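Breakdown of the fold
One-letter residues, chain by chain:
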Amino acid sequence: MRLISLRQHRPKIDPDAIYTAVNNCYPEKTKFKIDVSLVAGVRSSVDQFNSSDWPAITDHYIGVVGEMPLYSTTEQAREREWEHKRRVNTAKNVATFAQALANRNHAYREMGLYLVMEARSQARVRQGIANMAEQVGYLEKVAAAQRDILKYEAQIVENRLALISMCDNVQAEVVNRYLKKLAYLPPVQTATGTIP
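Keep in mind that what you see is a predicted model, and the values were worked out from it rather than measured.

1. A word on the overall build of the chain
- In terms of regular secondary structure, the chain is built from four helices and four strands.
- Overall, the chain shows an N-to-C arrangement of helices and strands of α-β-β-α-α-α-β-β.
- Taking the intrachain contacts of the chain between residues at least 6 apart in sequence as the baseline, contacts between residues at least 24 apart amount to 74%.
- Entry remark: accessible area of the chain is about 14000 Å², with carbon and sulfur atoms responsible for 57%.

2. Examining the pattern of salt bridges
- In this structure the tally under the stated criterion is seven salt bridges.
- Between Lys85 and Glu81 there is a salt bridge, and its shortest N-O distance comes to 3.3 Å. A residue pair is termed a helical-turn pair when its members lie 3 or 4 positions apart in one helix, as Lys85 and Glu81 do in helix α2 (residues 73-126) at four residues.
- The salt bridge partner of Glu173 is Arg177, with a shortest N-O separation of 3.9 Å. Taken as a pair, Glu173 and Arg177 lie in helix α4 (residues 169-183) at a separation of four residues, close to a single helical turn.

3. Comments concerning the state of the cysteines
- Under the defined criterion, the tally for this structure stands at one disulfide.
- Covalent S-S linkage joins Cys25 and Cys167, the inter-sulfur distance amounting to 1.8 Å. Disulfide Cys25 to Cys167: torsion about the S-S bond roughly -60 degrees, handedness left-handed. With Cys25 in the loop between α1 (15-24) and β1 (37-44) and Cys167 in the loop between α3 (132-164) and α4, this residue pair connects regions lying 142 residues apart in the sequence. The pair formed by Cys25 and Cys167 is uniform in burial state, with each residue classed as buried.

4. Quick look at the side chain of Glu118
- Structurally, Glu118 can be placed in helix α2.
- Of the side chains bearing the opposite charge, Arg126 lies closest to the buried Glu118, which forms no salt bridge; the N-O distance is 7.8 Å.
- Separated by 2.8 Å, the side chains of Glu118 and Gln135 make a polar contact.
- With sequence-adjacent residues up to four places away left out, Glu118 is seen in contact with Gln135, Tyr138 and Leu139.

5. Remarks on the nonpolar core
- One finds Ile18, Val22, Phe97, Ile156, Leu163, Val175 and Leu179 to be the most contacted residues of the largest nonpolar core, which totals 18 residues.
- Here the element with the most residues in this core is α4; it accounts for five residues.
- When neighbours within four sequence positions are excluded, Ile18 is seen to be in contact with Ile13, Val94, Phe97, Leu163, Tyr178, Leu179 and Leu182.
- Residues Tyr138, Ala145, Ile149 and Tyr152 belong to the second largest nonpolar core, which totals eight residues.

6. Concerning α1
- For α1, every residue scored as buried is listed here: Ile18, Val22 and Asn23. End-on view of α1: buried residues confined to an arc of 130 degrees, all on one side of the axis. Structural note: α1 exposes Asp16 and Asn24 on the side pointing more than 90 degrees away from its buried face.

The rules we used
- Residues numbered from 1 in each chain as written.
- Predicted model: local features only at pLDDT ≥ 70, side-chain atom pairs only at ≥ 80, totals over all residues.
- Heavy atoms only, no water.
- Helix = DSSP H or I, 4+ residues; strand = E, 2+ residues; numbered from the N terminus.
- Contact = heavy atoms within 4.5 Å.
- Areas by Shrake-Rupley, 256 points an atom, 1.4 Å probe, with all protein chains shown as cover.
- Salt bridge = Lys/Arg side-chain N within 4 Å of Asp/Glu carboxyl O.
- Disulfide = S-S within 2.5 Å.
- Buried < 20%, exposed > 50% of the residue type's maximum accessible area, 1.4 Å probe, protein only.
- Lys, Arg positive; Asp, Glu negative; His and termini not counted.
- Polar contact = N/O pair within 3.5 Å; in protein donor to acceptor, adjacent residues only side chain to side chain.
- Core = buried A, V, L, I, M, F, W, Y, C linked by side-chain atoms within 4.5 Å.
- Arc of directions from axis to C-beta.

Below, the structure written as structure tokens:
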């Protein structure tokens, strides 16, 4: 029986490169950041000047004043805190994306090993060397590895979408293609054809 190798050439994952790509695709920050405080008030003209010759409608007025500080430490502190949270969130998403890729690839390797062992066990059962329990055990391991593959594929998709959601609309597609390329597993080439 010829053993089929499930080892594949996968792109090397560079978390720093992913982090940089996502940070570089954030929407551009606003250039006009000013704290504005509006103050409203009602005044009576009686307090300010003699209005005896004027109509009664001029006795009261409402004013709105805007205050715009030249330097806002509060806004700068909020901006620094927001930037830190954004970068930490990006780092966490990159780490979970890379971990999901590693887990998925490991599950594929396990499944390849269990498939070979199950085929070997099947031949041993046919020859009467082993009982059915051995083969069933390997079938259960194949099923568990398949379940893990599906779970980690879902995590890869979730993390990929979380990362591209941090990008502006122009750069999101570029980063999405990059992350899909990292997650892609080429099909296995065998003597009889391609296994997807």
